[in-house]
Amino acid sequence: TEPITSTELGNLRYFWLDGIFAATSEAFFLTYIPLFALAYGASNEQIGWITAIGNLAGAIALFPGARMMERTGQRKKLVVWSGGGIARFVLFFLALIPLFQIPPTAAIIAITSLNGLRAFMSNFANPAWTALVADLVPNFMRGRYFSTRNFLMGICTLVFTALAGWMITSGNDWTGNPLFGYQLAFFLAFLTGLGSMYYFSRIDESPIPMPAAGAQGSGGQRRAVAETPGYLGFV
């Protein structure tokens, strides 16, 4: 194994902390968005639309996200401003919804739209995130590094999901407002998400060579699929 430079060590540390803060942020809101809509009186159909639109937006976002990464080569910037920036600021706007005292139907539409935007921007950054991570972690330590990182992220998810649930349940007792707990949880998700964005932005990204014009056309993609039938079968 080759020795790890100080820059690589710093990148591994920042990526580790990014994962911890990202898992904490998701724990504060991901499970509770449908319950937030239910607090506004959402029907089963409306809850289904919230989930369906979020999943569809997240799936669609992968294609323009991959194309944007190929065109610009700015992997870290894409992750920071889309998944780290816009997607996290959506959580702040979710926390503000009760302050406007809008009708329940309008609130449910806002929740559905904001959740769809969050899912789109999070997955828009996924191709760039995956490509960058492949260069951050050396081959000889990937298994050990990701296993411990994912283990700690799982612990954070377990602990802070329970904490968010307690805050949501207790919010009505504290203020008499059943939505206050959701506001607090989403605001904490926003703050911890900013921590994730900060540490990811500290990563030192090495520039990647950009392909020649036309090298990434559909013909090249078809040849790549034809030359790797095992991968096509796996997909």
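I will try to describe carefully the structure that is included in this document. (Residues numbered from 1 in each chain as written. Predicted model: local features only at pLDDT ≥ 70, side-chain atom pairs only at ≥ 80, totals over all residues. Heavy atoms only, no water.)

Before going further, it helps to spend a moment on the overall build of the protein. Along the protein, the regular secondary structure elements total 10 helices and 0 strands. Helices and strands in the protein line up, N terminus first, as α-α-α-α-α-α-α-α-α-α. Overall, the protein is about 60 × 40 × 30 Å in size when its C-alpha atoms are taken along their principal axes. A burial count over the protein gives 40% of its 235 residues as buried. Look at the contacts in the protein between residues 6 or more apart in sequence, and 85% of them connect residues 24 or more apart. Within the structure as shown, the protein displays about 12,900 Å² of accessible surface, and the carbon and sulfur contribution to it stands at 66%. Looking at the protein, you have 14 positive and 11 negative side-chain charges, and the mean spots of the two groups are 5 Å apart. (Helix = DSSP H or I, 4+ residues; strand = E, 2+ residues; numbered from the N terminus. Buried < 20%, exposed > 50% of the residue type's maximum accessible area, 1.4 Å probe, protein only. Contact = heavy atoms within 4.5 Å. Areas by Shrake-Rupley, 256 points an atom, 1.4 Å probe, with all protein chains shown as cover. Lys, Arg positive; Asp, Glu negative; His and termini not counted. Charge placed at Lys NZ, Arg CZ, Asp CG, Glu CD.)

Let's shift gears to the pattern of salt bridges. Scanning the model with the defined rule gives 4 salt bridges in all. R67 is the partner of E70 in a salt bridge, and the nearest nitrogen-oxygen pair spans 3.3 Å. Of this pair, E70 and R67 both sit in helix α3 (residues 44-72), separated by 3 residues, roughly a single helical turn. With relative accessibility at 27%, the residue E70 sits in the partly exposed group. Under the relative-accessibility criterion, R67 is labelled partly exposed at 35%. Ionic pairing is found between E205 and R75, a salt bridge with its closest N-O pair at 3.0 Å. Of this pair, E205 sits in the loop between α8 (180-201) and α9 (218-227) while R75 is found in helix α4 (residues 75-96), placing the two residues 130 residues apart along the sequence. R75 matches E205 in its accessibility class, with the two residues each being buried. (Salt bridge = Lys/Arg side-chain N within 4 Å of Asp/Glu carboxyl O.)

What follows covers the layout of surface pockets. A water-sized probe, rolled over the atoms, reveals where empty space remains. Quantified by volume, the largest pocket comes out at close to 620 Å³. Taken together, 28 residues make up the lining of the largest pocket; nearest its centre are A22, E26, G83, R88 and S122. Elements supplying a minimum of two residues to the lining of the largest pocket: α1 (6-29), α4, α5 (104-124), α6 (126-136), α7 (142-175) and α8. Considered class by class, the residues forming the lining of the largest pocket number 13 nonpolar, 10 polar and 5 charged. (1 Å grid on protein atoms, 1.4 Å probe; cavity = no way out; pocket = protein on both sides within 12 Å on 5 of 7 lines; lining within 4 Å. Points joined across faces, edges and corners; volume = space filled by probe spheres on them. Nonpolar A, V, L, I, M, F, W, Y, C, P; charged D, E, K, R; others polar.)

Next up on the list: the nonpolar core. In terms of nonpolar packing, the biggest core is built from 28 residues, with F36, Y40, L94, I97, I111 and F186 touching the most fellow members. Of all the elements in the fold, those that place two or more residues in this core are α1, α2 (33-39), α3, α4, α5, α7 and α8. At 5 residues, the largest contribution of residues to this core is made by α8. In this view, Y40 contacts I97, P98, P104, A107, I108, I111 and L179; residues no more than four positions away in its chain are not counted. (Core = buried A, V, L, I, M, F, W, Y, C linked by side-chain atoms within 4.5 Å.)

With that settled, consider a nonpolar patch on the surface. Taken together, the side chains of F151, L152, I155, L158 and V159 define a hydrophobic patch exposed on the protein surface, amounting to about 470 Å² of accessible area. Within the secondary structure, L152 sits in helix α7. Its relative accessible area of 32% is what places L152 among the partly exposed residues. (Patch = residues over 30% accessible without salt bridge, like charges linked within 9 Å, V, L, I, M, F, W, Y side chains within 5 Å.)

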